[in-house]
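The primary structure of each chain is shown beneath.
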Amino acid sequence: MTQSTRPDAGRAALASFVTNRLGRASTRPAPSQGEAKSDVPSSAQDFEKLAGYRELKLQRSAADLIGVANPFFRVHEIRAGATTRMEGKTCTNFSSYDYLGLNGHPAVSGAARKAIDAFGTSASASRIVAGERPGHLKLEKALAAHYGTEACVVMVSGHATNVTAIGAILESADVIFHDALIHNSVVTGAQLSGAQRRSFAHNDVASLEKLLEATRHEHRRALIVIEGLYSMDGDAPDLAAFVELKRRYDCWLMVDDAHGLGVLGRTGAGLHEHCGVAPSDVDIWMGTLSKTLSACGGYICGPSVLVEYLKCTAGGFVYSVGLSPPLASAADAALTVMLAEPERVERLRRNGNLFLAIAKKNGLNVGTSLGLAVIPVIVGDSLKAVTLSNRLYARGINVQPIIHPAVPERASRLRFFITSEHTTDQIKETVAAITEELAALETGSTLIEQLMARRGS
Ligand SMILES: Cc1ncc(COP(=O)(O)O)c(C=O)c1O
(Lines give C-alpha, C1' and ligand atoms only; values in the text may rest on other atoms or scores of the structure.)
Protein backbone atom coordinates (compact mmCIF):
# COMPACT_ATOMS: atom_id res chain seq x y z
CA MET A 1 0.00 0.00 0.00
CA THR A 2 1.41 3.39 -0.86
CA GLN A 3 0.84 6.02 1.73
CA SER A 4 -1.07 8.95 0.32
CA THR A 5 0.23 12.34 1.37
CA ARG A 6 -3.01 14.22 0.74
CA PRO A 7 -4.94 13.03 3.80
CA ASP A 8 -1.84 13.58 5.94
CA ALA A 9 -1.72 17.13 4.72
CA GLY A 10 -5.40 17.52 5.64
CA ARG A 11 -4.84 16.20 9.13
CA ALA A 12 -1.73 18.24 9.69
CA ALA A 13 -3.58 21.34 8.56
CA LEU A 14 -6.45 20.58 10.91
CA ALA A 15 -4.12 19.92 13.80
CA SER A 16 -2.27 23.13 13.22
CA PHE A 17 -5.58 24.99 12.81
CA VAL A 18 -6.77 23.69 16.17
CA THR A 19 -3.43 24.26 17.81
CA ASN A 20 -3.19 27.79 16.55
CA ARG A 21 -6.78 28.67 17.32
CA LEU A 22 -6.84 27.19 20.81
CA GLY A 23 -3.22 28.00 21.45
CA ARG A 24 -3.81 31.67 20.80
CA ALA A 25 -6.80 31.64 23.06
CA SER A 26 -5.04 30.06 25.96
CA THR A 27 -1.55 31.47 25.71
CA ARG A 28 -0.93 34.79 27.30
CA PRO A 29 2.13 36.79 26.24
CA ALA A 30 5.06 36.40 28.62
CA PRO A 31 5.28 39.38 30.96
CA SER A 32 8.05 41.83 30.24
CA GLN A 33 10.66 42.30 32.94
CA GLY A 34 9.13 45.50 34.25
CA GLU A 35 5.61 44.13 34.65
CA ALA A 36 6.64 40.70 35.83
CA LYS A 37 5.73 41.26 39.49
CA SER A 38 2.19 42.51 38.92
CA ASP A 39 1.44 40.05 36.12
CA VAL A 40 2.76 36.90 37.75
CA PRO A 41 0.07 36.71 40.37
CA SER A 42 -0.77 33.68 42.37
CA SER A 43 -2.20 32.19 39.15
CA ALA A 44 1.37 31.24 38.17
CA GLN A 45 1.03 28.69 40.94
CA ASP A 46 -1.99 27.07 39.29
CA PHE A 47 -1.11 23.61 38.04
CA GLU A 48 -3.17 24.34 34.93
CA LYS A 49 -0.57 26.93 33.98
CA LEU A 50 2.16 24.35 33.56
CA ALA A 51 3.26 24.52 29.92
CA GLY A 52 3.08 20.78 29.43
CA TYR A 53 -0.43 20.69 30.85
CA ARG A 54 -1.60 23.40 28.47
CA GLU A 55 -0.17 21.41 25.56
CA LEU A 56 -1.95 18.30 26.79
CA LYS A 57 -5.27 20.15 26.99
CA LEU A 58 -4.69 21.50 23.52
CA GLN A 59 -4.19 18.01 22.14
CA ARG A 60 -7.32 16.78 23.92
CA SER A 61 -9.36 19.70 22.63
CA ALA A 62 -8.15 18.98 19.11
CA ALA A 63 -9.15 15.34 19.48
CA ASP A 64 -12.56 16.24 20.94
CA LEU A 65 -13.21 18.66 18.13
CA ILE A 66 -12.93 15.94 15.56
CA GLY A 67 -14.53 13.29 17.73
CA VAL A 68 -11.47 11.10 18.39
CA ALA A 69 -11.81 9.10 21.63
CA ASN A 70 -8.91 9.00 24.10
CA PRO A 71 -7.25 5.56 23.63
CA PHE A 72 -5.12 5.81 26.78
CA PHE A 73 -5.75 4.49 30.30
CA ARG A 74 -8.42 1.95 29.40
CA VAL A 75 -8.94 -0.59 32.17
CA HIS A 76 -8.11 -4.30 31.82
CA GLU A 77 -10.72 -6.39 33.59
CA ILE A 78 -8.65 -9.59 33.63
CA ARG A 79 -4.95 -10.52 33.52
CA ALA A 80 -3.82 -9.10 30.19
CA GLY A 81 -2.01 -11.70 28.11
CA ALA A 82 -2.37 -12.31 24.38
CA THR A 83 -6.05 -11.73 25.09
CA THR A 84 -7.65 -9.30 27.51
CA ARG A 85 -11.07 -7.91 28.40
CA MET A 86 -11.85 -4.21 28.39
CA GLU A 87 -15.22 -2.53 28.81
CA GLY A 88 -16.74 -6.00 28.93
CA LYS A 89 -15.30 -6.88 25.53
CA THR A 90 -12.70 -9.57 24.77
CA CYS A 91 -9.76 -8.19 22.79
CA THR A 92 -6.59 -9.50 21.22
CA ASN A 93 -3.95 -7.65 23.19
CA PHE A 94 -0.72 -6.16 21.81
CA SER A 95 -0.05 -3.75 24.66
CA SER A 96 1.73 -5.90 27.25
CA TYR A 97 5.47 -6.40 27.68
CA ASP A 98 4.84 -9.94 28.83
CA TYR A 99 6.89 -11.31 25.93
CA LEU A 100 7.10 -14.92 27.10
CA GLY A 101 3.68 -15.13 28.72
CA LEU A 102 5.10 -15.50 32.22
CA ASN A 103 2.76 -13.09 34.02
CA GLY A 104 0.38 -15.39 35.84
CA HIS A 105 2.47 -18.52 35.13
CA PRO A 106 1.79 -20.90 38.05
CA ALA A 107 5.47 -21.03 39.07
CA VAL A 108 5.74 -17.24 39.02
CA SER A 109 2.51 -16.53 40.88
CA GLY A 110 3.29 -19.38 43.28
CA ALA A 111 6.70 -17.93 44.13
CA ALA A 112 5.11 -14.52 44.78
CA ARG A 113 2.48 -16.06 47.05
CA LYS A 114 5.09 -17.98 49.00
CA ALA A 115 7.10 -14.79 49.52
CA ILE A 116 4.01 -12.94 50.73
CA ASP A 117 3.26 -15.70 53.20
CA ALA A 118 6.81 -15.60 54.51
CA PHE A 119 7.66 -11.89 54.38
CA GLY A 120 4.50 -9.91 53.60
CA THR A 121 4.11 -7.55 50.71
CA SER A 122 6.74 -4.97 51.58
CA ALA A 123 10.46 -4.72 52.34
CA SER A 124 9.31 -1.81 54.52
CA ALA A 125 12.42 0.37 54.13
CA SER A 126 15.67 0.74 52.27
CA ARG A 127 17.73 -2.44 52.41
CA ILE A 128 20.58 -0.50 53.99
CA VAL A 129 18.19 0.41 56.81
CA ALA A 130 15.85 -2.56 57.05
CA GLY A 131 18.17 -5.36 55.97
CA GLU A 132 17.85 -7.93 53.22
CA ARG A 133 15.21 -10.54 52.40
CA PRO A 134 16.49 -13.83 50.99
CA GLY A 135 14.62 -13.17 47.72
CA HIS A 136 16.75 -10.08 46.99
CA LEU A 137 19.98 -12.02 47.27
CA LYS A 138 18.67 -15.02 45.32
CA LEU A 139 17.48 -12.86 42.44
CA GLU A 140 20.73 -10.86 42.35
CA LYS A 141 22.75 -14.06 42.28
CA ALA A 142 20.67 -15.47 39.44
CA LEU A 143 20.95 -12.30 37.36
CA ALA A 144 24.70 -12.00 37.93
CA ALA A 145 25.06 -15.64 36.86
CA HIS A 146 22.99 -14.95 33.76
CA TYR A 147 25.40 -12.24 32.57
CA GLY A 148 28.50 -13.87 34.07
CA THR A 149 29.19 -10.75 36.13
CA GLU A 150 30.65 -10.58 39.63
CA ALA A 151 27.60 -8.97 41.16
CA CYS A 152 24.15 -7.48 40.71
CA VAL A 153 21.91 -5.00 42.49
CA VAL A 154 18.15 -4.86 42.07
CA MET A 155 16.07 -1.75 42.64
CA VAL A 156 12.37 -0.93 42.77
CA SER A 157 11.98 0.53 39.28
CA GLY A 158 13.72 0.10 35.95
CA HIS A 159 13.47 3.80 35.23
CA ALA A 160 14.89 4.72 38.64
CA THR A 161 17.70 2.20 38.17
CA ASN A 162 19.01 4.02 35.10
CA VAL A 163 18.54 7.44 36.66
CA THR A 164 20.25 6.66 39.91
CA ALA A 165 23.03 4.42 38.54
CA ILE A 166 24.09 6.84 35.79
CA GLY A 167 23.63 9.75 38.19
CA ALA A 168 25.98 8.06 40.66
CA ILE A 169 28.63 6.89 38.19
CA LEU A 170 29.23 10.09 36.22
CA GLU A 171 30.19 13.60 37.29
CA SER A 172 30.58 16.94 35.55
CA ALA A 173 34.09 16.19 34.25
CA ASP A 174 32.69 13.14 32.44
CA VAL A 175 30.75 12.47 29.27
CA ILE A 176 27.95 10.14 28.24
CA PHE A 177 27.53 9.07 24.61
CA HIS A 178 24.12 7.59 23.93
CA ASP A 179 22.02 6.45 21.00
CA ALA A 180 19.63 9.15 19.78
CA LEU A 181 16.67 6.84 20.56
CA ILE A 182 17.82 5.91 24.05
CA HIS A 183 15.19 5.59 26.77
CA ASN A 184 14.17 8.66 28.76
CA SER A 185 15.60 7.16 31.98
CA VAL A 186 19.14 7.23 30.55
CA VAL A 187 18.79 10.87 29.51
CA THR A 188 17.41 11.78 32.93
CA GLY A 189 20.29 9.96 34.64
CA ALA A 190 22.76 11.84 32.46
CA GLN A 191 21.13 15.14 33.38
CA LEU A 192 21.29 14.25 37.07
CA SER A 193 24.97 13.40 36.83
CA GLY A 194 25.95 16.76 35.35
CA ALA A 195 28.11 15.02 32.75
CA GLN A 196 28.28 16.30 29.19
CA ARG A 197 25.67 14.48 27.09
CA ARG A 198 26.30 13.67 23.44
CA SER A 199 23.94 11.61 21.31
CA PHE A 200 24.81 9.73 18.13
CA ALA A 201 22.53 8.71 15.26
CA HIS A 202 20.45 5.61 15.97
CA ASN A 203 22.49 2.38 15.78
CA ASP A 204 25.13 4.31 13.82
CA VAL A 205 28.59 3.19 14.90
CA ALA A 206 30.29 5.58 12.47
CA SER A 207 28.40 8.50 13.98
CA LEU A 208 29.61 7.51 17.47
CA GLU A 209 33.15 7.06 16.23
CA LYS A 210 33.16 10.59 14.81
CA LEU A 211 31.98 11.97 18.15
CA LEU A 212 34.57 9.97 20.08
CA GLU A 213 37.33 11.06 17.75
CA ALA A 214 36.37 14.71 18.12
CA THR A 215 35.52 14.94 21.81
CA ARG A 216 36.64 11.98 23.91
CA HIS A 217 39.88 13.73 24.90
CA GLU A 218 37.93 16.65 26.42
CA HIS A 219 36.55 14.51 29.22
CA ARG A 220 37.80 12.41 32.08
CA ARG A 221 35.53 9.33 32.13
CA ALA A 222 33.23 8.26 29.34
CA LEU A 223 30.18 6.03 29.29
CA ILE A 224 28.54 4.74 26.10
CA VAL A 225 24.92 3.64 26.53
CA ILE A 226 22.93 1.60 24.02
CA GLU A 227 19.82 -0.56 24.26
CA GLY A 228 19.42 -4.24 23.45
CA LEU A 229 16.14 -4.22 21.55
CA TYR A 230 15.00 -0.64 20.96
CA SER A 231 11.61 -0.13 22.54
CA MET A 232 10.05 2.08 19.88
CA ASP A 233 11.55 0.50 16.76
CA GLY A 234 12.28 -3.12 17.62
CA ASP A 235 15.77 -3.12 16.14
CA ALA A 236 19.13 -3.92 17.75
CA PRO A 237 22.67 -2.55 17.64
CA ASP A 238 25.83 -4.25 16.40
CA LEU A 239 27.25 -4.98 19.85
CA ALA A 240 30.68 -6.14 18.63
CA ALA A 241 31.24 -2.79 16.88
CA PHE A 242 30.35 -0.87 20.05
CA VAL A 243 32.68 -3.06 22.10
CA GLU A 244 35.51 -2.33 19.67
CA LEU A 245 34.90 1.43 19.96
CA LYS A 246 34.63 1.45 23.73
CA ARG A 247 38.00 -0.33 23.92
CA ARG A 248 39.70 1.95 21.42
CA TYR A 249 38.48 5.13 23.11
CA ASP A 250 38.72 3.91 26.72
CA CYS A 251 35.04 4.13 27.66
CA TRP A 252 32.66 2.06 29.73
CA LEU A 253 29.90 0.36 27.74
CA MET A 254 26.45 0.00 29.30
CA VAL A 255 23.65 -1.98 27.65
CA ASP A 256 20.04 -1.36 28.71
CA ASP A 257 18.65 -4.78 27.78
CA ALA A 258 15.16 -4.06 29.12
CA HIS A 259 13.53 -5.45 25.97
CA GLY A 260 16.36 -7.80 25.00
CA LEU A 261 16.11 -10.25 27.89
CA GLY A 262 13.87 -13.15 26.91
CA VAL A 263 13.75 -11.92 23.33
CA LEU A 264 17.18 -11.64 21.72
CA GLY A 265 19.32 -14.69 20.97
CA ARG A 266 18.34 -18.31 20.53
CA THR A 267 17.59 -18.80 24.23
CA GLY A 268 16.54 -15.21 24.91
CA ALA A 269 19.71 -14.53 26.89
CA GLY A 270 19.86 -11.03 25.45
CA LEU A 271 21.83 -8.79 23.12
CA HIS A 272 25.12 -10.60 23.69
CA GLU A 273 23.64 -13.90 22.53
CA HIS A 274 22.00 -12.23 19.52
CA CYS A 275 25.35 -10.72 18.48
CA GLY A 276 27.59 -13.64 19.51
CA VAL A 277 29.58 -11.42 21.88
CA ALA A 278 30.82 -12.47 25.34
CA PRO A 279 28.73 -10.69 28.01
CA SER A 280 32.00 -9.87 29.79
CA ASP A 281 32.83 -7.48 26.93
CA VAL A 282 30.18 -5.14 28.31
CA ASP A 283 30.95 -3.22 31.51
CA ILE A 284 27.40 -2.71 32.77
CA TRP A 285 24.31 -4.76 31.99
CA MET A 286 21.11 -3.00 32.92
CA GLY A 287 17.63 -4.42 32.63
CA THR A 288 14.15 -4.31 34.04
CA LEU A 289 12.05 -6.86 35.86
CA SER A 290 8.85 -5.51 34.35
CA LYS A 291 9.03 -7.03 30.89
CA THR A 292 9.96 -10.68 30.30
CA LEU A 293 10.34 -11.22 34.06
CA SER A 294 6.75 -10.02 34.62
CA ALA A 295 7.41 -8.27 37.92
CA CYS A 296 8.54 -4.69 38.59
CA GLY A 297 11.99 -3.24 39.24
CA GLY A 298 15.39 -2.87 37.62
CA TYR A 299 18.89 -4.30 37.88
CA ILE A 300 22.52 -3.49 37.28
CA CYS A 301 24.94 -6.37 36.72
CA GLY A 302 28.66 -5.67 36.65
CA PRO A 303 31.88 -5.72 38.68
CA SER A 304 31.45 -6.13 42.44
CA VAL A 305 33.13 -2.78 43.06
CA LEU A 306 30.47 -1.04 40.99
CA VAL A 307 27.64 -2.88 42.73
CA GLU A 308 29.09 -2.20 46.17
CA TYR A 309 29.44 1.48 45.23
CA LEU A 310 25.83 1.72 44.02
CA LYS A 311 24.50 -0.07 47.11
CA CYS A 312 26.15 2.54 49.33
CA THR A 313 25.82 5.73 47.29
CA ALA A 314 23.07 5.61 44.64
CA GLY A 315 20.13 7.64 45.96
CA GLY A 316 17.57 5.42 44.26
CA PHE A 317 18.88 2.46 46.26
CA VAL A 318 20.02 4.00 49.55
CA TYR A 319 17.01 6.28 50.01
CA SER A 320 14.36 4.05 48.48
CA VAL A 321 12.58 0.96 49.77
CA GLY A 322 13.94 -2.45 48.83
CA LEU A 323 12.18 -4.42 46.12
CA SER A 324 9.03 -5.98 47.57
CA PRO A 325 9.62 -9.66 48.46
CA PRO A 326 6.88 -11.08 46.18
CA LEU A 327 8.24 -9.14 43.21
CA ALA A 328 11.79 -10.34 43.83
CA SER A 329 10.59 -13.94 44.03
CA ALA A 330 8.31 -13.58 41.00
CA ALA A 331 11.17 -12.22 38.86
CA ASP A 332 13.49 -14.98 40.04
CA ALA A 333 10.91 -17.65 39.19
CA ALA A 334 10.25 -16.06 35.79
CA LEU A 335 13.97 -16.13 34.97
CA THR A 336 14.06 -19.80 35.92
CA VAL A 337 11.11 -20.62 33.63
CA MET A 338 12.61 -18.56 30.81
CA LEU A 339 15.89 -20.49 31.00
CA ALA A 340 14.16 -23.86 31.32
CA GLU A 341 11.74 -23.32 28.43
CA PRO A 342 13.59 -21.84 25.44
CA GLU A 343 10.66 -23.00 23.28
CA ARG A 344 8.85 -19.88 24.52
CA VAL A 345 11.57 -17.73 22.93
CA GLU A 346 11.26 -19.72 19.71
CA ARG A 347 7.45 -19.24 19.68
CA LEU A 348 7.93 -15.53 20.21
CA ARG A 349 10.39 -15.39 17.31
CA ARG A 350 7.99 -17.29 15.02
CA ASN A 351 5.11 -14.98 15.95
CA GLY A 352 7.16 -11.82 15.47
CA ASN A 353 8.57 -13.02 12.15
CA LEU A 354 5.08 -13.91 10.93
CA PHE A 355 3.65 -10.52 11.90
CA LEU A 356 6.54 -8.73 10.21
CA ALA A 357 6.38 -10.80 7.03
CA ILE A 358 2.64 -10.27 6.49
CA ALA A 359 2.86 -6.60 7.42
CA LYS A 360 5.65 -6.06 4.89
CA LYS A 361 3.77 -8.01 2.23
CA ASN A 362 0.76 -5.76 2.82
CA GLY A 363 2.92 -2.65 2.40
CA LEU A 364 2.78 -1.49 6.03
CA ASN A 365 5.69 0.64 7.22
CA VAL A 366 7.35 -1.40 9.97
CA GLY A 367 10.54 0.68 9.97
CA THR A 368 13.67 -1.22 10.94
CA SER A 369 12.02 -3.78 13.22
CA LEU A 370 13.69 -7.18 13.39
CA GLY A 371 10.29 -8.82 13.80
CA LEU A 372 10.72 -10.03 17.35
CA ALA A 373 8.90 -8.57 20.36
CA VAL A 374 8.42 -4.98 19.20
CA ILE A 375 6.93 -4.12 15.81
CA PRO A 376 5.84 -0.58 15.00
CA VAL A 377 3.43 0.27 12.24
CA ILE A 378 4.42 3.81 11.38
CA VAL A 379 1.51 5.80 10.02
CA GLY A 380 2.58 9.45 10.08
CA ASP A 381 0.88 11.98 12.31
CA SER A 382 -0.50 11.57 15.82
CA LEU A 383 -4.12 11.95 14.83
CA LYS A 384 -3.88 9.13 12.31
CA ALA A 385 -2.19 6.88 14.86
CA VAL A 386 -4.84 7.55 17.50
CA THR A 387 -7.68 7.09 15.01
CA LEU A 388 -6.23 3.82 13.76
CA SER A 389 -5.80 2.58 17.33
CA ASN A 390 -9.45 3.40 18.08
CA ARG A 391 -10.67 1.70 14.92
CA LEU A 392 -8.74 -1.45 15.77
CA TYR A 393 -10.08 -1.34 19.32
CA ALA A 394 -13.59 -1.24 17.89
CA ARG A 395 -12.66 -4.47 16.05
CA GLY A 396 -11.41 -6.11 19.26
CA ILE A 397 -7.68 -5.38 18.95
CA ASN A 398 -5.94 -3.49 21.74
CA VAL A 399 -2.81 -1.64 20.63
CA GLN A 400 -1.58 1.73 21.81
CA PRO A 401 -0.58 4.63 19.60
CA ILE A 402 2.82 6.18 20.20
CA ILE A 403 2.65 9.86 19.41
CA HIS A 404 4.70 13.01 19.74
CA PRO A 405 6.72 13.73 21.91
CA ALA A 406 7.60 10.05 22.48
CA VAL A 407 8.47 9.89 18.76
CA PRO A 408 8.77 12.65 16.13
CA GLU A 409 5.31 13.79 14.96
CA ARG A 410 5.79 12.44 11.44
CA ALA A 411 6.82 9.05 12.86
CA SER A 412 3.70 8.46 14.99
CA ARG A 413 2.87 4.81 15.09
CA LEU A 414 1.06 1.89 16.59
CA ARG A 415 3.46 -0.24 18.57
CA PHE A 416 2.69 -3.96 18.68
CA PHE A 417 4.19 -6.02 21.48
CA ILE A 418 4.27 -9.60 20.26
CA THR A 419 4.29 -12.48 22.72
CA SER A 420 4.94 -16.19 22.58
CA GLU A 421 1.26 -16.68 23.44
CA HIS A 422 -0.34 -15.00 20.42
CA THR A 423 -1.92 -17.44 18.00
CA THR A 424 -1.26 -17.50 14.27
CA ASP A 425 -4.89 -16.53 13.68
CA GLN A 426 -4.65 -13.56 16.03
CA ILE A 427 -1.61 -12.31 14.14
CA LYS A 428 -3.07 -12.85 10.67
CA GLU A 429 -6.40 -11.26 11.60
CA THR A 430 -4.68 -8.31 13.20
CA VAL A 431 -2.41 -7.50 10.27
CA ALA A 432 -5.39 -7.83 7.91
CA ALA A 433 -7.40 -5.46 10.11
CA ILE A 434 -4.58 -2.88 10.24
CA THR A 435 -4.24 -3.01 6.48
CA GLU A 436 -7.97 -2.54 5.90
CA GLU A 437 -8.39 0.24 8.45
CA LEU A 438 -5.34 2.11 7.27
CA ALA A 439 -6.55 1.96 3.68
CA ALA A 440 -9.99 3.17 4.80
CA LEU A 441 -8.41 6.00 6.77
CA GLU A 442 -6.42 7.13 3.81
CA THR A 443 -9.33 7.23 1.41
CA GLY A 444 -11.86 8.36 4.01
CA SER A 445 -9.96 11.43 5.05
CA THR A 446 -12.54 13.68 3.45
CA LEU A 447 -14.27 13.47 6.82
CA ILE A 448 -11.46 15.50 8.28
CA GLU A 449 -11.45 17.81 5.33
CA GLN A 450 -15.19 18.29 5.81
CA LEU A 451 -14.62 19.09 9.46
CA MET A 452 -12.02 21.62 8.49
CA ALA A 453 -14.43 23.16 6.05
CA ARG A 454 -17.14 23.20 8.73
CA ARG A 455 -14.76 25.09 11.05
CA GLY A 456 -14.23 27.58 8.26
CA SER A 457 -10.49 27.12 8.04
C1 LIG B 1 14.76 0.62 27.40
C2 LIG B 1 14.05 0.86 28.70
N3 LIG B 1 14.77 1.09 29.81
C4 LIG B 1 14.18 1.31 30.99
C5 LIG B 1 12.81 1.29 31.13
C6 LIG B 1 12.17 1.52 32.47
O7 LIG B 1 11.72 0.31 32.98
P8 LIG B 1 10.47 0.16 33.95
O9 LIG B 1 9.24 0.43 33.13
O10 LIG B 1 10.55 -1.26 34.38
O11 LIG B 1 10.63 1.15 35.04
C12 LIG B 1 12.02 1.04 30.01
C13 LIG B 1 10.55 1.00 30.12
O14 LIG B 1 9.81 0.64 29.31
C15 LIG B 1 12.65 0.82 28.75
O16 LIG B 1 11.94 0.60 27.64
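Residues numbered from 1 in each chain as written. Predicted model: local features only at pLDDT ≥ 70, side-chain atom pairs only at ≥ 80, totals over all residues. Heavy atoms only, no water.

Novice: Which residues make up the overall build of the chain, and what values do they have?
Specialist: The helix and strand inventory of the chain stands at 18 helices and 13 strands. Each of the 457 residues in the chain was classed as buried or not, and the buried ones make up 52%. Looking at the chain alone, contacts between residues at least 24 apart form 72% of all its contacts between residues at least 6 apart. Counting only carbon and sulfur atoms, one obtains 55% of the accessible surface of the chain, whose full area is about 20,000 Å². (Helix = DSSP H or I, 4+ residues; strand = E, 2+ residues; numbered from the N terminus. Buried < 20%, exposed > 50% of the residue type's maximum accessible area, 1.4 Å probe, protein only. Contact = heavy atoms within 4.5 Å. Areas by Shrake-Rupley, 256 points an atom, 1.4 Å probe, with all protein chains shown as cover.)

Novice: Which residues make up the site of the ligand, and what values do they have?
Specialist: The immediate surroundings of the ligand are formed by 15 residues, with His159, Asp256, His259, Ser290 and Lys291 found nearest. One nitrogen or oxygen atom from the side chain of Asp256 is found 2.6 Å from a nitrogen atom belonging to the ligand. His259 places a side-chain nitrogen or oxygen 2.6 Å from an oxygen atom of the ligand. The greatest single-element share of the shell around the ligand, amounting to three residues, is contributed by helix α7 (residues 158-169). Considered class by class, the residues forming the shell around the ligand number two nonpolar, 10 polar and three charged. (Near = heavy atom within 4 Å. Polar contact = N/O pair within 3.5 Å; in protein donor to acceptor, adjacent residues only side chain to side chain. Nonpolar A, V, L, I, M, F, W, Y, C, P; charged D, E, K, R; others polar.)

Novice: Help me get a handle on the environment of Val75, residues and values and all.
Specialist: Assignment of secondary structure puts Val75 in the loop between α3 (51-65) and β1 (83-86). Taking C-alpha positions, Val75 is 8.5 Å from Arg85, a pair spaced 10 residues apart along the chain. Setting aside chain neighbours within four positions, we find Val75 in contact with Arg85, Met86 and Glu87.

Novice: Outline the nonpolar core, listing residues and values.
Specialist: Ranked by internal contacts, the top residues of the largest apolar core, which has 116 residues, are Leu143, Leu239, Phe355 and Phe416. The biggest single contributor to this core is helix α14 (residues 325-340), with eight residues. Not counting chain neighbours up to four residues away, the residues in contact with Phe355 comprise Phe94, Ile375, Phe416, Ile418, Ile427, Thr430, Val431 and Ile434. (Core = buried A, V, L, I, M, F, W, Y, C linked by side-chain atoms within 4.5 Å.)

Novice: Go over the environment of Ala206 with me, naming the residues and quoting the values.
Specialist: Assignment of secondary structure puts Ala206 in helix α9 (residues 205-215). Sequence separation of Ala206 and Leu245 is 39 residues, and the distance between their C-alpha atoms is 9.7 Å.

Novice: Break down a nonpolar patch on the surface for me, citing the residues and quoting the values.
Specialist: A cluster of nonpolar side chains, contributed by Phe47, Leu50, Tyr53 and Leu56, occupies part of the molecular surface with about 420 Å² of accessible area. Relative to the elements of secondary structure, Tyr53 occurs in helix α3. (Patch = residues over 30% accessible without salt bridge, like charges linked within 9 Å, V, L, I, M, F, W, Y side chains within 5 Å. Salt bridge = Lys/Arg side-chain N within 4 Å of Asp/Glu carboxyl O.)

Novice: Which residues make up the pairing of strand β10 (residues 374-380), and what values go with them?
Specialist: Most of β10 is tucked away: seven of the seven residues are buried. Note: β10 against strand β13 (residues 412-417), six bridges, orientation antiparallel. Paired with Pro376 across the two strands is Arg415, which belongs to β13. (Pairing = 2+ DSSP bridges.)

Novice: Just give me the short version of the packing of α9 against helix α10 (residues 239-248), but keep the residues and values in it.
Specialist: When two helices pack together, you describe them by how their axes are tilted relative to each other and by the distance separating the axes. At their nearest, the axes of α9 and α10 sit 10 Å apart, and the two run at 5° to each other. As far as their axial angle goes, α10 and α9 are roughly parallel. Here α9 contributes Val205, Leu208, Glu209 and Leu212 to the contact with α10, which in turn contributes Ala241, Phe242, Leu245 and Arg248. (Axes fitted to C-alpha atoms, helices over the stretch in contact; angles between N-to-C directions. Parallel < 35°, antiparallel > 145°, perpendicular 65-115°, else oblique.)

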